Amino acid sequence: MALFRITATRISDTHQKVLPALAVVLRNLSDTTDLKAVLSKKIPDEQERVKSFRKSYGSTKIGEVTVDMMYGGMRGIKGLVCETSVLDPDEGIRFRGYSIPECQKLLPKAKGGSEPLPEGLFWLLITGDVPNEAQVQAVSKEWAKRAALPSHVVTLLNNFPSTLHPMSQFSSAITSLNSESKFAQAYSTGVHKSKYWEYVYEDAMDLIAKLPVVAATIYRNTYRDGKGVGAIDSSKDWSQNFCEMLGYDNPEFTELMRLYLTIHSDHEGGNVSAHTVHLVGSALSDPYLSFAAGMNGLAGPLHGLANQEVLIFLKKLQQELGDNVADDALKEFIWKTLKSGQVVPGYGHAVLRKTDPRYTCQREFAQKHLPNDPLFKLVSQVYKVVPPILMETGKVKNPWPNVDAHSGVLLQYYGMKEMNYYTVLFGVSRALGVLASLVWDRALGLPIERPKSLSTEGLMKQLKG
């Protein structure tokens, strides 16, 4: 007992000396505006945590794989790790554990603004910590500093024909940017694999900084006067610089873009664009090549092009039924669409079993800023009519709207009518999540992805015994 009292006293004395110093270290870490320094402190701890977890549970089975899953695009198979976000069927997306409403409340905002800054979400995605205002401003300035494009990429962009789809231009320009890859340069010199993440981080920061310049150049060359996008202003945030390069100076549109770029950033690891970036990156392709591959997946009509499909559907509805549509006429139109073998675009989701929170926050933005817009009213009416019809068919597990059911309507209202361009905006946003994940892929030393596949004949033999 005496020994215990002596030991306890010594521990107490030690705590009194150490804890204040530890508090200073933690406070300095939480206050630092150097994102890479924060990440450098976190990665060793997370590497050890994952190593220990795998040592204890590495042979534990998670779930079961059915034949339908194998033929159905691996849907529902738990086979990936994604640190940045998780998609819950009932709650929706959570970024590092935070819901969209929580992010809207907690993440720093621009002066006079009410929507979260994407820079803050990136800090959250890559560190797991909610940043303070100074940290977000530091990221804004860092991206402004890194935004310049090399001359060969500018030449490439300016020589694309205006008839080339914006996503093709976007992907090509990103691929050509890999001439700037710090990771590729380091790998060619034989850098140790424990340092991979540092060079992937540098590439990720450079690429995110340059994407608005690439995207704005494409927009101006394809739809506007073709003049240069102008200089980046380091006193302005990432979204505001992007909007001004596009040629939009409406503060409401800038607020919309801050929201849009935040909520489209990540959607866990299994969607086509996120999985493709992870897959190609697992071969140690540099972040430019990996992200370009993901953008080619995003360009598909079942992924990033879905918001265009929604607008085409709404415009067709307006043309056939007019602006003031009676509910009964709308129901008849929906049933006619379904019976013809078509779908109602923007409704249903592979994982979600409720209204997509990304739809909800866009709806709230519309209710605040454009409550009387005819197209928004039509979207609201469709929201009321479609889910009961889809449930009545008995074939739809999730009859609720997803993010694509709303985003195009908001862009249309503020004058961005060019639907083919919308997926480029999606791509600029998606970079935040997939590149944050790519940094962690290399930090955790994840290997090349190589699942086992079977032929139909082999699968039949295996099951028939």
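Residues numbered from 1 in each chain as written. Predicted model: local features only at pLDDT ≥ 70, side-chain atom pairs only at ≥ 80, totals over all residues. Heavy atoms only, no water.

Phe170, Phe242, Phe291, Met416 and Tyr421 are the most contacted members of the largest nonpolar core, which has 116 residues in total. In terms of residues, this core owes the most to one element, helix α10 (residues 196-223), which gives 16 residues. For this core, the domains that each give at least three residues are domain 1 (139-303 + 421-444) and domain 2 (306-414). Not counting residues within four places of it along the chain, the set of residues in contact with Phe291 comprises Phe170, Ile174, Leu207, Leu211, Val277, Gly427, Arg430, Ala431, Val434 and Leu435. (Core = buried A, V, L, I, M, F, W, Y, C linked by side-chain atoms within 4.5 Å. Buried < 20%, exposed > 50% of the residue type's maximum accessible area, 1.4 Å probe, protein only. Helix = DSSP H or I, 4+ residues; strand = E, 2+ residues; numbered from the N terminus. Domains from an automatic or database assignment. Contact = heavy atoms within 4.5 Å.)

Attention shifts here to the environment of Glu320. Along the chain, Glu320 turns up in helix α15 (residues 306-321). Along the chain, Glu320 and Ala231 lie 89 residues apart, while their C-alpha atoms are 45 Å from each other.

The next subject is helix α13 (residues 272-282). Among the 11 residues that make up α13, 8 are buried, leaving the element largely enclosed by the rest of the structure. Buried-residue contacts for α13 involve α14 (287-298) and α20 (422-443). Of the residues trailing α13, Leu284 is marked for its positive phi of about 65 degrees.

Further remarks concern the sheet that holds strand β2 (residues 92-95). The antiparallel open sheet is built from 3 strands, whose spatial order is β1-β2-β3. Of all strands in the sheet, those bounded by a partner on one side alone are β1 (85-88) and β3 (98-99). As defined by bridge partners, β2 adjoins β3 across 2 bridges and the pair is classed as antiparallel. Bridged to Arg94 within β3 is Ser99. (Pairing = 2+ DSSP bridges.)

We now examine the UniProt feature "active site" (unreviewed entry) in the protein chain. The positions UniProt marks with the feature "active site" (unreviewed entry) are His303, His349 and Asp404. A maximum C-alpha distance of 10.9 Å is found for the annotated residues, which run over 102 residues; spatially they form one tight group. With respect to the element layout, His303 can be found in the loop between α14 and α15. You can call His303 buried: its relative accessible area is 15%. Once residues within four sequence positions are removed from consideration, His303 is found in contact with Asn271, Val272, Ser273, Gly297, Leu298, Asp404 and Arg430. Checked against the element boundaries, Asp404 lands in helix α19 (residues 404-413). Filtering out sequence-adjacent residues up to four positions away, Asp404 remains in contact with His303, Ala306, Asn307, Val310 and Phe426. (UniProt positions renumbered as here; feature names shortened; annotations may be inferred.)

The next point concerns the state of the cysteines. Applying the stated criterion across every chain yields a total of 0 disulfides. With no disulfide of its own, Cys103 lies 10 Å from the sulfur of Cys361, the closest cysteine sulfur. By relative accessible area, Cys103 is classed as buried at 3%. (Disulfide = S-S within 2.5 Å.)

Right, let's get into a nonpolar patch on the surface. A contiguous nonpolar patch, built from Val65, Val67, Met70, Tyr71, Leu454 and Leu463 and spanning about 570 Å² of accessible area, is present on the exposed surface. Considering every element that reaches the nonpolar patch, the biggest residue donor is helix α3 (residues 67-71), with 3 residues. Relative to the assigned elements, Val65 resides in the loop between α2 (35-57) and α3. With relative accessibility at 52%, the residue Val65 sits in the exposed group. (Patch = residues over 30% accessible without salt bridge, like charges linked within 9 Å, V, L, I, M, F, W, Y side chains within 5 Å. Areas by Shrake-Rupley, 256 points an atom, 1.4 Å probe, with all protein chains shown as cover. Salt bridge = Lys/Arg side-chain N within 4 Å of Asp/Glu carboxyl O.)

Residues Ser85 and Leu87 line the buried face of β1, whereas the alternating positions Val86 and Asp88 sit on a face that is not buried. Here β1 pairs with β2 via 4 bridges, running antiparallel. Looking at the pairing, Val86 lines up with Arg94 of β2. From the end of β1 to the start of β2, which pair antiparallel, there are 3 residues.

Once that is clear, we can look at the domain arrangement of the protein chain. On domain assignment, one finds that the protein chain holds domain 1 (139-303 + 421-444) and domain 2 (306-414). Computed over C-alpha atoms, the centres of domain 1 and domain 2 are 30 Å apart. Together domain 1 and domain 2 conceal approximately 1700 Å² of surface at their shared face, both sides included; 64% is due to carbon and sulfur atoms. The interface formed by domain 1 and domain 2 contains 4 residue pairs in polar contact (both at pLDDT 80 or more). Elements that contribute at least two residues to the side of domain 1 that touches domain 2 include exactly α12 (251-263) and α20. In terms of residues, the side of domain 1 that touches domain 2 owes the most to one element, α12, which gives 8 residues. In terms of residue class, the side of domain 1 that touches domain 2 is made up of 11 nonpolar, 6 polar and 3 charged. (Buried area = accessible area lost by both parts, 1.4 Å probe. Polar contact = N/O pair within 3.5 Å; in protein donor to acceptor, adjacent residues only side chain to side chain. Nonpolar A, V, L, I, M, F, W, Y, C, P; charged D, E, K, R; others polar.)

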